[in-house]
Amino acid sequence: DPKDLRSQGFKNAGEATYVISTVDGLDKFSGGFKNCTGVVVTGVDKETGGNISFLTHEDPAYFLQNKQNTSQFVKDLRERLEELKKRSAEETIDAVIVGGNYFHDDDSYIKYYRDSIKLLSVEVSRALGFEPTVMTGPKVNTADQDDVFYDNKNKRLYIMRGYVGKSSTGSFSPDDLDRQEQKWL
């Protein structure tokens, strides 16, 4: 429920749009990454010395659909990135991208995946000064979903995927997207 999420400090623009968790020391979980992408950003709190993090879960069909949706999502993402950066000790921040889908016979899935990776990478790079890693390639030609769990205390990310094809399992830099895409064709 979007109102419930907002009352708990989560950012979102309504149902089936996006959710950005709070920056805190709690574990993070989000399920049902079908076409959706997400970002996990973590750092070490400079006051407490404990790990802090946030997780996003966004539907590219929503946040890339028009400029208004994109600007609201980007505004909320930037606020969370700046908050984590401000609270974190120097050189302790890390960021990764998860999720996505890639259907060979549907150009919209391909475009949404590519544009989502590019936008997320640009925003993380702009705010934090480094490019995030894409942890797994997209799910290719399957309607499976990913579930993402981040163990904050131990800084471990778990991605549960029903089917793991060889072409979509390796991590890569967003700058390498064109070369990686050849594996999915």
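Quick note: structure is the one above.
Residues numbered from 1 in each chain as written. Predicted model: local features only at pLDDT ≥ 70, side-chain atom pairs only at ≥ 80, totals over all residues. Heavy atoms only, no water.

Caption draft 1: View of the sheet that holds strand β6 (residues 94-99). Spatially, β1-β2-β5-β4-β6-β8 is the arrangement adopted by the 6 strands of the open sheet, whose pairing is mixed. Edge positions in the open sheet fall to β1 (11-12) and β8 (133-134), since each of these has one partner strand only. Across 6 bridges, strand β4 (residues 37-44) lies against β6 in antiparallel orientation. In the sheet register, V39 faces β6, and the bridge partner there is I97. Here helix α3 (residues 67-87) sits on the sheet in contact with β1, β2 (18-20), β4 and β5 (51-58), set at roughly 170° to β5. Along the sheet, helix α4 (residues 107-128) contacts β4, β5, β6 and β8; its crossing angle with β6, the most-contacted strand, is approximately 170°. (Pairing = 2+ DSSP bridges. Helix = DSSP H or I, 4+ residues; strand = E, 2+ residues; numbered from the N terminus. Contact = heavy atoms within 4.5 Å. Axes fitted to C-alpha atoms, helices over the stretch in contact; angles between N-to-C directions.)

Caption draft 2: Just α4, in detail. Helix length check: α4 (22 residues) gives 31 Å between terminal C-alpha atoms against 32 Å at 1.5 Å per residue, within 8%. Residues of α4 that are buried: I110, Y113, R114, S116, I117, L119, L120, S121, E123, V124, A127 and L128. Looking one or two residues past α4, G129 carries a phi angle of roughly 85°, positive in sign. (Expected span 1.5 Å × (residues − 1). Buried < 20%, exposed > 50% of the residue type's maximum accessible area, 1.4 Å probe, protein only.)

Caption draft 3: The nonpolar core, seen in detail. Grouped together as the largest cluster of nonpolar side chains are 31 residues, with contacts concentrated most on V41, F54, F73, L81, Y113 and L128. It is α4 that contributes the most residues to this core, 8 residues altogether. Ignoring any residue separated from it by four or fewer positions in sequence, one finds F73 in contact with Y18, I20, E58, F63, L119 and L120. Membership of the second largest hydrophobic core comes to 8 residues, among which are F33, V40, V98 and Y150. (Core = buried A, V, L, I, M, F, W, Y, C linked by side-chain atoms within 4.5 Å.)

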